[in-house]
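The residues making up each chain are set out below.
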Amino acid sequence: MMTGLIRRLGMLMALVLAIPAQAAPLAAQHVTITTLSTMLADHGIGEWGYAALVEVDGHRLLFDTGAHADVVLRNAQTLGIDLASVEDVVISHDHNDHTGGLIALRRAMMAKNPRALSHLHVATGIAETRFDAAGAADTDFAALEQAYRATGGVVIEHASAAQLAPGVWFSGPVARTHDERNFPDDVFVRQAGGLVVDPVAEDASLVIATADGTVILTGCGHAGIMNIADAAQAIDGDARLLAVVGGLHLFAKPDAVLAATAVRLKGLRYLLAAHCTGIEATWRLRGLLGLDRHSAVVAAVGSRFVWGGTGAGAGIEPGRIAG
Ligand SMILES: [Zn+2]
Ligand SMILES: [Zn+2]
């Protein structure tokens, strides 16, 4: 009888031990997003393009790579940022104002660390051939992928949302529920009936969950920020938007679209609007969202969004020109 009791106690102990002590935290504790390529520059070089360094609880990744081969490289040097310890690169979509620095950055950094920028995350569809109105080939991500693989880099294609680090997700392709049509009308893809305007179906964002709400990082926002906000909410289950950082491609949009956008983004606390968001659009959104010069800012090279825990350390460090 005693033996049976001990056996049962032993089984109970084994059961207790089988339950994980503590699941890994889902939400990010500390977030820093530093602008490395955008139109405006305090330090370094401005360009029509986008790139940012994302640092979340010790994980670092490069989001987009700017337009010119050397701009992110030079801006990182100017800002004193070492990209050689960054292993993951995310490319939001195939436009060359986001892919231009990829190969030069990989080559420069792998000379210091072979694993630097060695893993490239993209969404399914990015390698589809695009054409101009005359039917000539436009951007060609397949060729870029080939050059990247030739350096020993690994390409990871995501068909749906994927967690890259605790609390950090790559959205994968974003469903277009809202008809935002937030993409150029002079780039085409080939379908059975001929050329149609390219919806940039692969356009993907980063979604970072925090205790104060979601942080969205978007390259050009071609999926539309309303759709991206919906996708982010589906990923982390949080309706609260803490920050939107990056390019929203709203520069040519009429006031009615900006008003509708503000309705969807209601409650947003920080907007670090870079690249193709547009100066006027940022100004309008600031007013419509009830934000101010400290919480809705046009990004410059070197400007940052920082979140360091509930109620502390959150905010935009705009730099001089936009401050
Ligand atoms: Zn684009
Ligand atoms: Zn762009």
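Residues numbered from 1 in each chain as written. Chains lettered and ligands numbered in written order. Predicted model: local features only at pLDDT ≥ 70, side-chain atom pairs only at ≥ 80, totals over all residues. Heavy atoms only, no water.

Trainee: How should the overall build of the chain be read in this particular structure?
Mentor: Check the secondary structure of the chain and you find 8 helices and 19 strands. For a compact globule of 323 residues, the expected C-alpha radius of gyration is about 20 Å, and the chain comes in at 21 Å, within 12% of that figure. Here the C-alpha coordinates of the chain stretch approximately 85 × 50 × 45 Å along the principal axes. Considering the chain as a whole, with its 323 residues, one finds that 50% of them fall into the buried category. Partitioning the intrachain contacts of the chain with sequence separation of at least 6 by distance along the chain shows that 72% fall at a separation of at least 24. Accessible area of the chain: about 14200 Å², with a carbon and sulfur share of 58%. Put simply, the chain has 23 plus and 32 minus side-chain charges, and the middle of one group is 7 Å from the middle of the other. (Helix = DSSP H or I, 4+ residues; strand = E, 2+ residues; numbered from the N terminus. Rg over C-alpha atoms; globule rule 2.2 N^0.38 Å. Buried < 20%, exposed > 50% of the residue type's maximum accessible area, 1.4 Å probe, protein only. Contact = heavy atoms within 4.5 Å. Areas by Shrake-Rupley, 256 points an atom, 1.4 Å probe, with all protein chains shown as cover. Lys, Arg positive; Asp, Glu negative; His and termini not counted. Charge placed at Lys NZ, Arg CZ, Asp CG, Glu CD.)

Trainee: Sorry if this is basic, but what is going on with the pattern of salt bridges here?
Mentor: Oppositely charged side chains may form a pair once their charged atoms are brought near each other. In this structure the tally under the stated criterion is 14 salt bridges. Across the pair Asp 238 and Arg 240 runs a salt bridge, and its minimum N-O distance is 2.8 Å. Notably, a salt bridge pairs Arg 284 with Glu 280, separated by 2.8 Å at the nearest N-O pair. Taken as a pair, Arg 284 and Glu 280 lie in helix H8 (residues 279-288) at a separation of 4 residues, close to a single helical turn. For Arg 284, a relative accessible area of 35% gives the class partly exposed. (Salt bridge = Lys/Arg side-chain N within 4 Å of Asp/Glu carboxyl O.)

Trainee: Sorry, what's going on with the state of the cysteines here?
Mentor: Joining two cysteines, a disulfide is a covalent bond between their sulfur atoms. By the definition in use, this model includes 0 disulfides. In this model Cys 276 remains outside any disulfide bridge; the closest cysteine sulfur is found in Cys 220, 3.6 Å from its own. The buried category is assigned to Cys 276, whose relative accessible area is 1%. (Disulfide = S-S within 2.5 Å.)

Trainee: Quick question: what am I supposed to make of the sheet that holds strand S18 (residues 304-307) here?
Mentor: In sheet architecture, strand pairing relies on hydrogen bonds along the backbone and comes in two forms, parallel and antiparallel. Taken together, the 8 strands give an open sheet; going across it, the order is S7-S6-S5-S4-S3-S1-S18-S19, and neighbouring strands pair in mixed fashion. Of all the strands in the sheet, the pair left with one neighbour each is strand S7 (154-158) and strand S19 (315-317). Each adjacent strand pair in this sheet contributes to an overall mean axis angle of 25 degrees, direction not counted. Strand direction decides the pairing type here: S18 and S19, joined by 3 bridges, are antiparallel. If you follow Arg 304 over to S19, its bridge partner there is Glu 317. Packed on one face of the sheet, helix H2 (residues 71-79) meets strand S1 (31-37) and strand S3 (51-56) and runs near 125 degrees to S1. (Pairing = 2+ DSSP bridges. Axes fitted to C-alpha atoms, helices over the stretch in contact; angles between N-to-C directions.)

Trainee: When you look at the coordination of the zinc ion (ligand 1) in this model, what are you seeing that I'm missing?
Mentor: Reference values for angles at a metal are 109.5 degrees in the four-donor tetrahedral case and 90 or 180 degrees in the six-donor octahedral case. Bound to the zinc ion (ligand 1) on the protein side are His 93 (NE2), His 95 (ND1) and His 222 (NE2), at distances that span 2.1 to 2.2 Å. Within one chain, the residues donating to the zinc ion (ligand 1) are spaced in sequence as H-x1-H-x126-H. In this structure, the zinc ion (ligand 1) is positioned 3.5 Å from the zinc ion (ligand 2). Each member of the pair His 93 and His 95 is classed as buried. (Donors = N, O, S within 2.8 Å, 3.2 Å for Na, K, Ca; no water.)

Trainee: Would you take a moment to explain the packing of helix H4 (residues 102-110) against helix H5 (residues 141-150) for this structure?
Mentor: Relative placement of two packed helices is described by the angle separating their axes and the distance separating the axes. Running from N to C, H4 and H5 cross one another at 5 degrees; their axes reach a closest spacing of 10 Å. Overall, the two elements H4 and H5 adopt an arrangement that is roughly parallel. Contacts between H4 and H5 involve Leu 102, Ile 103 and Arg 106 from the first element and Leu 144, Ala 147 and Tyr 148 from the second. Taken together, the residues that form the contact of H4 with H5 break down as 5 nonpolar, no polar and 1 charged. (Parallel < 35°, antiparallel > 145°, perpendicular 65-115°, else oblique. Nonpolar A, V, L, I, M, F, W, Y, C, P; charged D, E, K, R; others polar.)

Trainee: How do you make sense of the nonpolar core when you look at a structure like this?
Mentor: Most often, soluble globular proteins have nonpolar side chains that are buried together. Membership of the largest hydrophobic core comes to 31 residues, with the highest contact counts inside it found for Ile 33, Val 54, Leu 206, Ile 208, Leu 217, Val 245 and Phe 305. Look past the residues within four positions of Val 245 in its chain and what remains in contact with it is Ile 33, Tyr 50, Ile 216, Leu 217, Thr 218, Leu 272 and Phe 305. (Core = buried A, V, L, I, M, F, W, Y, C linked by side-chain atoms within 4.5 Å.)

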